[in-house]
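Listed here are the chains, written in short residue letters.
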Amino acid sequence: MTLLTKALHVRALCTKLAKEDFVTVDTEFIREKTYWPDLCLIQVAGENEAAAIDPLTADMDLTPVWELMQNPTVVKVFHAARQDIEIFVHLTGKTPTPVYDTQIAAMVCGFGDQVGYESLVQKLAKARIDKASRFTDWAARPLSHKQLSYALSDVTHLRTAYRKLRRQIQSEKREAWIAEEMATLEDISTYVKKPEEAWQRIKSRSLKPKHLAVLKEVAAWRESLARQKNIPKNRIFRDETLLDIVSNAPKTVAELSRARGVSKRLAEGPGGQEILKAIRRGVNASTTEVPTAPKREKLPPRVAPVVEFLKVLLKDRCERSNVAQKLVASMADLERIATDDEAAVPALSGWRRDLFGADAIALKKGDLALAVRNGGVETICLDRTSGPPATAPGATFRPSR
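Fair warning: this is a prediction, and the values are worked out from it, not measured in the lab. (Residues numbered from 1 in each chain as written. Predicted model: local features only at pLDDT ≥ 70, side-chain atom pairs only at ≥ 80, totals over all residues. Heavy atoms only, no water.)

Asker: Requested: an account of the nonpolar core, with residues and values cited.
Answerer: If you look at the biggest cluster of nonpolar residues, it comprises 90 residues, and the most contacted ones within it are Ile 53, Val 328, Ile 337 and Phe 356. Among the elements that take part in this core, helix α6 (residues 145–171) stands out by supplying 10 residues, more than any other. In this structure, Ile 53 is in contact with Leu 4, Val 10, Leu 13, Leu 41, Ile 42, Val 44, Met 60, Leu 62 and Val 65, ignoring residues within four places of it in sequence. Core analysis: the second largest hydrophobic core is formed by 28 residues, Val 246, Leu 256, Leu 266 and Ile 279 among them. (Core = buried A, V, L, I, M, F, W, Y, C linked by side-chain atoms within 4.5 Å. Buried < 20%, exposed > 50% of the residue type's maximum accessible area, 1.4 Å probe, protein only. Helix = DSSP H or I, 4+ residues; strand = E, 2+ residues; numbered from the N terminus. Contact = heavy atoms within 4.5 Å.)

Asker: Let's hear about the pattern of salt bridges: which residues, and what values?
Answerer: Applying the stated criterion to the full structure yields 20 salt bridges. Between Glu 86 and Arg 31 there is a salt bridge; the shortest N-O distance is 3.4 Å. Of this pair, Glu 86 sits in helix α3 (residues 82–92) while Arg 31 sits in the loop between β2 (22–30) and β3 (38–45), placing them 55 residues apart in sequence. We classify Glu 86 as partly exposed; its relative accessible area is 22%. Arg 352 serves as the salt-bridge partner of Glu 181, at 2.5 Å between the closest nitrogen and oxygen. One end of the pair, Glu 181, is in helix α7 (residues 175–186); the other, Arg 352, is in helix α16 (residues 350–365), and 171 residues separate them in sequence. (Salt bridge = Lys/Arg side-chain N within 4 Å of Asp/Glu carboxyl O.)

Asker: Hey, could you go over α3 for me, with residue numbers and the actual values?
Answerer: When α3 is considered as a whole, its buried residues turn out to be Asp 84, Ile 85, Ile 87, Phe 88 and Val 89. Where the residues of α3 are buried, they touch β2, β3, α2 (63–70), β5 (75–78), β6 (99–101) and α7.

Asker: Quick rundown of the side chain of Asp 84? Include the residues and the values.
Answerer: For Asp 84, the position within the fold is in helix α3. Buried and without a salt bridge, Asp 84 has Arg 31 as its closest oppositely charged side chain, separated by 10.0 Å. Look past the residues within four positions of Asp 84 in its chain and what remains in contact with it is Asp 26, Thr 27, Phe 78 and His 79. (Lys, Arg positive; Asp, Glu negative; His and termini not counted.)

Here it is in structure tokens:
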């Protein structure tokens, strides 16, 4: 097992890897006690090189790694890349580029929704990974042979999986299918979350404007403090406590201290004053400053069955094309398509429209029908150019595929 603990060895490795067409990348980290993930290990592999880099070593210089991540001629291959890239963004302010996520590629190749690395490796590389070290303490030193073996298996087997997935995608001319997803992964806005947007990730039963205004302010204060102190935001107080504070909107320290989950020390200290200020900002927010939560309207009775038809069509199209449904359209997307032919959803543009979106609109308009034949679902184009109307007995049918 190769563990690099000296900066000059890291520089030598990255110099070699800079000549590769692609490198596979993974990280090990812990974040149970911190807001930001603590990077504990970086694993990289090229065609013939594979090593784990120890960022916790004294005087370690990771500059060569960051330069490799920005090298435009070397594809950085990850599996389920978001958490790894989030770490790089936090440490460098940049996303690796170009990137390739084998989990997304696997979805394009029919491996189902969000296939796990172990499953993918077993199918494509015919290898089994010992999961015993999966939840190990990666910050502890020294790392054992077993830990390093597990960590390096996350990049060595990924080489085989990447090659096979890439060949399949190229043979089926589906490169454009994942290009949009890769662009999202390389977009730094995917990882930079603003404190004032933290309220959107909290489930609140009330959608009243003033309630949301207070929620926005208090959630932003908690998020900012958690970042500043680098502690999990639930260490300040949990979502349940936050919602209790927002619902009661205490005006004094005494009222705040009665909120379940708020310690006396927090209520009576500087933090308590900041919370009360945040509450007042929310209560006094103007109409233009009040946030609005997206409302999920109850579907009209006649629309709900349309969604069910769209679900069948989506399943049929994805099974025929061997693509994961989740990559094409979500349930929320189907509901929006059912009520709006021009809904701003991915399924109605690009390759997704060719695969599903255009037929979804045709189904809504009555130009396409679903039928059960030979033990499976078939789609039928309704020929409106001749014969009786499509809704009448004896309408002329023309199978679409």
